[in-house]
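# Coordinate inspection notes
The primary structure of each chain is shown beneath.
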Amino acid sequence: MEHTPDNLPPINERFDNLLVAPARVSQMMGRRSPGEVAFAQSEQGDARRRLLHVEKVAIKNKQLQAQSEASLLDRVNAELHQYVFELLKDEIDNTEVVLTSVLNLSHDVAPLLDILSVRATSISRIEPHAAALPWLYDDLMTVVNAPKFRRKDSKGKVIPVETLRTALSFIGIENLRLLLPAMILRRALPKITDPYPDIKNRIMQFAQSTGLTMRALADDYDLPPHEAFTAGILSQLGRCAVSRLYFKAFEQAQIALLREAEIAKDTEQHGAMAKVQPSANYLIAMQQEFSEPLTARLLEILQFKRLRLALPFIEITENDQHPHDLTELYKKAKAYAAVRMLHQGKFLNKDEIPLALHKTGFVRSERDILKSTDIFQLPLIENPPLD
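Attention in this report is confined to the structure presented alongside it. Nothing here was measured: the structure is a model prediction, and the numbers come from that model.

Our next topic: unusual backbone geometry. For the bond from D194 to P195, the omega torsion is 10 degrees, close enough to zero to count as cis. Structurally, the position occupied by P195 is in the loop between helix 10 (173-188) and helix 11 (199-217). Even without being glycine, D222 reaches a positive phi, approximately 55 degrees. Within the secondary structure, D222 is located in the loop between helix 11 and helix 12 (225-233). Among the residues examined, D222 registers a relative accessible area of 70% and is labelled exposed. Although it is not a glycine, K265 sits at a positive phi angle of roughly 55 degrees. Mapped onto the secondary structure, K265 falls in the loop between helix 13 (237-263) and helix 14 (267-275). Look at K265 and you get exposed, because its relative accessible area is 71%.

Between helix 11 and helix 19 (residues 364-371), the least distance of the axes is 10 Å, while the angle of their chain directions is 120 degrees. In terms of orientation, helix 11 lies oblique with respect to helix 19. In this structure, helix 11 meets helix 19 at a crossing whose hand is right-handed. Listed contacts from helix 19 to T213, A216 and L217 of helix 11 are E366, I369 and L370.

The rules behind the values
Just so you know, the residues in each chain are numbered from 1, in the order the chain's sequence is written. In view of the model being predicted, local features appear only for residues whose pLDDT reaches at least 70, and side-chain atom pairs are presented and counted only at 80 or more, with totals across whole chains, interfaces and linings using the full set of residues. Water and hydrogen atoms were dropped before computing side-chain values, which therefore reflect all heavy atoms in the structure. Labels follow the DSSP assignment, with helices taken as runs of H or I lasting at least four residues and strands as runs of E lasting at least two, numbered in each case from the N terminus. Burial classification: accessible surface area is computed with a 1.4 Å probe over protein chains only, and a residue below 20% of its type maximum counts as buried, one above 50% as exposed, and the rest as partly exposed. Each axis is a line fitted through C-alpha atoms, and for a helix only the stretch in contact is used; angles between axes span 0 to 180 degrees, taken between their N-to-C directions. Roughly parallel refers to an angle under 35 degrees, roughly antiparallel to one over 145, roughly perpendicular to one between 65 and 115, and oblique to any angle outside these ranges. Take the far helix as the reference: if the near one is turned anticlockwise from it by less than a right angle, the crossing is left-handed, and if turned clockwise, right-handed. Should any heavy atoms of two residues lie within 4.5 Å, those residues are counted as being in contact.

This is how it looks when you write it as structure tokens:
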């Protein structure tokens, strides 16, 4: 039996789950394939209360369980995730280590993004900062030698690009203002997230759609488009770090607790512990608790000279009552991006859409601009003029 609009799960809960696995949202909305059993009452709210002792968010999902093992698995799952939480929190407290060892980024990303924000910047000014990030070379070569950016000589032969300077020049400054922030986030994305392999794609889509929404309306908020876009793209750095740390901590905790059960010769505990898998409920709870404050700290320690990228996340974390226009635009843009992603996945009913769009905070004239904006694909210029 299909859910009615009155008993559909709240939109924010659907979106939190969409960022982990679209199939979970289908199950939340009562869409099941033939032969699939219904979900039991969710433990996502319990996960947040037990693990983080936070009552402000009570998320109600559905979780499939074998009834005969439910209570033991539940206890073991809670025990394991308390251990995961402690491991994760210890690592998150060291922002510098998170930046360099967890996300594999360095402080050199700040001067690169800063120089891109200069209106009269040039390839010669960008090149030394791009060269300070060795991993960028391969990424740029992949892009510049793709059909979209290939150049031909006077005889019609494709010119192969092998140097950083040529790659930057062929791609062009306006394209670099879009590509380089996206490449930086892509490097930070979690890689191994089984049994939820789609997490990295969903985070990237959310970041990109938030950034492009902010870029499309930057002029209306008297903000530089590059700054607005980059703030949106890098808004998910904290979520990337929390996700990476969660899966790493889960593996460490499970190995340690399995060893304890083995030493204690507790076969029942060992058997249950071996069956526990990474939990979307606990992952979502940790993302909600830590992601934006961690993004604020990560962007703050990068010490941008020109870009105010940490500002929105600091103001949100501190619950600033008089937020900057950049913060206001970010809050609206992430809400709008969430609605668009849910709509794209057919996880919003038609009659829900008008109110959902209204609740983003964007007025009709702003929504009209966004209606004609593709927020899911970078608007790259083919064969831009050479610098």
